[in-house]
Amino acid sequence: MSTWSNIRTVTKRELAAYFDSPVAYVFIVIFLLLMGFFTFTFGAFFDRGEASLGAFFMWMPWLFLFLVPAVGMRLWSEERRSGTMELLLTFPITTWQAIVAKFLASWLFLGIALALTFPVWLTVNLLGDPDNGVIVAGYVGSFLLAGAYLAISSATSAMTRNQVVSFILSVVICLLLVLVGFQPVTDLVARWAAPWFVEAVAAFSVLTHFDGFQKGVLDSRDVVFFASLIGFALFVTGVVLRGQRVG
């Protein structure tokens, strides 16, 4: 079988496994309810008096901070706990093909959950005349952000068979990537550090690069940042899994 065929086969298997469990539907319902609450209630959508999804995307990095690791924590921890990882790695596929396939399946699942928020998009178009280009950019950025968080969760999941430990580790790492670009934090660091240092640290923040998408700017540097973060995290996953395979 070709490389793509192997990846496609495992991706289909993993994606189908999500929807074979009621947990997937519970996750989607919780995600949609939280997004609706933070957008329309906590985000004061109607009080803003403008047709935009600014409040919707503003909360995305913070909601994904907990929801995405909840999806990613089972990627490899569950395989190790149930003893099926050894079986998976005996299939005629390489380790990196398995990593990419399982990542793509989970990323597609998150993409489906994100796509199901389309009623919010429809609502804002019914209430006003929003800039749909900005909204599309926001969705693209949200999908890339989910992928970055998920790749990190994949790496932490490969490190331990305990899903709770994997969840906590990924939340902490993702939170650090948020905080280094969070304005209250950067303002605090700016009191004792040089401006160039603050900018250099903030450049590693997902908030810094997600901000452009929120404003409707599809900057290739932001895309490269998220792609690089995903690639590096999946590389770490491969290193960990190959070490376990050799061991």
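Note that the coordinates shown come from a computational prediction; the quantities given were computed from them, not determined experimentally. (Residues numbered from 1 in each chain as written. Predicted model: local features only at pLDDT ≥ 70, side-chain atom pairs only at ≥ 80, totals over all residues. Heavy atoms only, no water.)

Okay, the side chain of Thr117 next. Mapped onto the elements, Thr117 comes out in the loop between α8 (95-115) and α9 (118-127). Residue Thr117 is classed as buried on the basis of its relative accessible area of 2%. Polar contacts involving the side chain of Thr117 include one to the main-chain carbonyl oxygen of Leu114, which spans 2.5 Å. Each residue touching Thr117, except ones within four places of it in the same chain, is listed here: Phe31, Leu32, Phe56 and Tyr139. (Helix = DSSP H or I, 4+ residues; strand = E, 2+ residues; numbered from the N terminus. Buried < 20%, exposed > 50% of the residue type's maximum accessible area, 1.4 Å probe, protein only. Polar contact = N/O pair within 3.5 Å; in protein donor to acceptor, adjacent residues only side chain to side chain. Contact = heavy atoms within 4.5 Å.)

A word on the pattern of salt bridges. Within this structure, the stated rule accounts for four salt bridges. For the salt bridge of Glu14 with Lys102, the shortest nitrogen-to-oxygen distance reads 3.2 Å. With a gap of 88 residues between them, Glu14 in helix α1 (residues 3-19) and Lys102 in helix α8 connect regions that are remote in the sequence. Here Glu14 matches Lys102 in class, with each residue buried. (Salt bridge = Lys/Arg side-chain N within 4 Å of Asp/Glu carboxyl O.)

Taken N-terminus to C-terminus, the directions of helix α5 (residues 60-72) and α8 make an angle of 135 degrees; their axes are 12 Å apart at the nearest point. Of the possible angle classes, the one that applies to α5 and α8 is oblique. Of the two elements, α5 crosses α8, and the hand of that crossing is right-handed. Across the interface between the two elements, Met60, Phe64, Val68 and Val71 of α5 pack against Ser106, Phe109, Leu110 and Leu114 of α8. For the contact of α5 with α8, the class distribution of residues is seven nonpolar, one polar and no charged. (Axes fitted to C-alpha atoms, helices over the stretch in contact; angles between N-to-C directions. Parallel < 35°, antiparallel > 145°, perpendicular 65-115°, else oblique. Left-handed = near helix turned anticlockwise from the far one by under 90°. Nonpolar A, V, L, I, M, F, W, Y, C, P; charged D, E, K, R; others polar.)

Another point: the packing of aromatic side chains. This structure, assessed with the given rule, holds 16 aromatic pairs. Residues Phe19 and Tyr25 carry aromatic rings whose centres are separated by 5.8 Å and whose planes lie at 65 degrees to one another, so their mutual orientation is edge-to-face. Taking the relative accessible area as the measure of exposure, Tyr25 reaches 43% and is therefore partly exposed. Both rings, one in Trp121 and one in Tyr139, keep their centres 5.5 Å apart while their planes meet at 20 degrees; by these two values the pair is stacked. With a gap of 18 residues between them, Trp121 in helix α9 and Tyr139 in helix α10 (residues 132-159) connect regions that are remote in the sequence. Relative accessible area serves as the criterion here: at 12%, Tyr139 is assigned to the buried category. Three or more aromatic residues link up through ring pairs in this structure, and these residues are Tyr18, Phe19, Tyr25, Phe27, Phe31, Phe64 and Phe109. If you follow Arg74 out to its NZ or CZ, it ends over the ring of Tyr18, 4.9 Å from the centre. Looking at Lys102, its charged tip hangs above the ring of Trp76, at a distance of 5.0 Å from the centre. (Phe/Tyr/Trp six-rings, centres within 6.5 Å; stacked < 30°, edge-to-face > 60°. Lys NZ or Arg CZ within 6 Å of the ring centre and 35° of its normal.)

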